[in-house]
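Listed below are the residues making up each chain.
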Amino acid sequence: MTTYADLVTAYLDDPGPETLAPLRRAVRNSANFTIDLDLSAVDKLLDEGAYAEAAAALRALMPGAIFSPSAHLRLATALERSGEERSAARERQVASAALRSIRATGDGTQENPWTVLRINDEYDLLRALKKVPGRQDLLEADGRRIDRHTCTDGTLAHFDASALV
């Protein structure tokens, strides 16, 4: 039986559409997957210095939060501040791979939008690109629903939101 860890490792070892698709499918089909992952309780725990509790709360969100750049970065922070450097490094690696996986799905144009697992992932990628989202519009194009972000510098970023709405 293939586990979530196997799917993540397969993608990390050989990043590409043939390893990303089964990973994303498994995450989407997990019982606790949600397109609007709420990490506010985790942020509160991190702000309070409750790192072990934050790590436990993040682990409780798995497997539905697997490959969420935000979730993995927060878990890395919690683990690092708890003295678990090796585990923190692994979470940073997964967060980075999750961001690369999004970028590999398109170029952010309306014709070739990026695909994401959840809405938060759109904002994670924009942050990684050092873009500040301004306005967000939902468009219909070629039978797809596209989230168009107009960033404060005027650039546009498009995400295929067909699976999100």
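Keep in mind the model is a prediction, meaning the values are calculated, not measured. (Residues numbered from 1 in each chain as written. Predicted model: local features only at pLDDT ≥ 70, side-chain atom pairs only at ≥ 80, totals over all residues. Heavy atoms only, no water.)

A. Layout of the sheet that holds strand E4 (residues 156-160). Ordered by their spatial adjacency, 4 strands build an open sheet running E1-E4-E3-E2, and the pairing between neighbours is mixed. At either end of the open sheet lies a strand with only one pairing partner, and these are strand E1 (114-115) and strand E2 (133-141). Direction of pairing for strand E3 (residues 144-151) relative to E4: antiparallel, over a ladder of 5 bridges. Note that in E4 the partner of Asp147 across the bridge is Phe159. Sheet contacts for helix H7 (residues 119-128): E1, E2, E3 and E4; angle to E3, the most-contacted strand, approximately 35 degrees. (Pairing = 2+ DSSP bridges. Helix = DSSP H or I, 4+ residues; strand = E, 2+ residues; numbered from the N terminus. Contact = heavy atoms within 4.5 Å. Axes fitted to C-alpha atoms, helices over the stretch in contact; angles between N-to-C directions.)

B. Representation of helix H1 (residues 4-13) within the structure. All of the buried residues along H1 are Leu7, Val8, Tyr11 and Leu12. Buried positions in H1, seen along its axis, are confined to an arc of 135 degrees and lie on one side of it. Looking at the buried residues of H1, the elements they touch are helix H2 (17-28) and helix H6 (85-103). (Buried < 20%, exposed > 50% of the residue type's maximum accessible area, 1.4 Å probe, protein only. Arc of directions from axis to C-beta.)

C. Molecular detail of the packing of aromatic side chains. A full pass over the atoms with the stated rule returns 2 aromatic pairs. Measuring from ring centre to ring centre gives 5.5 Å for Tyr11 and Phe67, while their planes differ by 85 degrees; the resulting arrangement is edge-to-face. Residue Tyr11 is found in helix H1, and its partner Phe67 is found in the loop between helix H4 (51-60) and helix H5 (69-81); the two are separated by 56 residues along the sequence. With respect to burial, Tyr11 and Phe67 carry one shared label: buried. (Phe/Tyr/Trp six-rings, centres within 6.5 Å; stacked < 30°, edge-to-face > 60°.)

D. Geometry of H4. Residues Ala54, Ala55 and Leu58 constitute the buried set of H4. Along the axis of H4, the buried positions cluster into a sector of 100 degrees, meaning they face one direction only. Away from its buried face by more than 90 degrees, H4 exposes Ala52 and Ala60. Looking at the buried side of H4, the elements it contacts are helix H3 (40-47) and H5.

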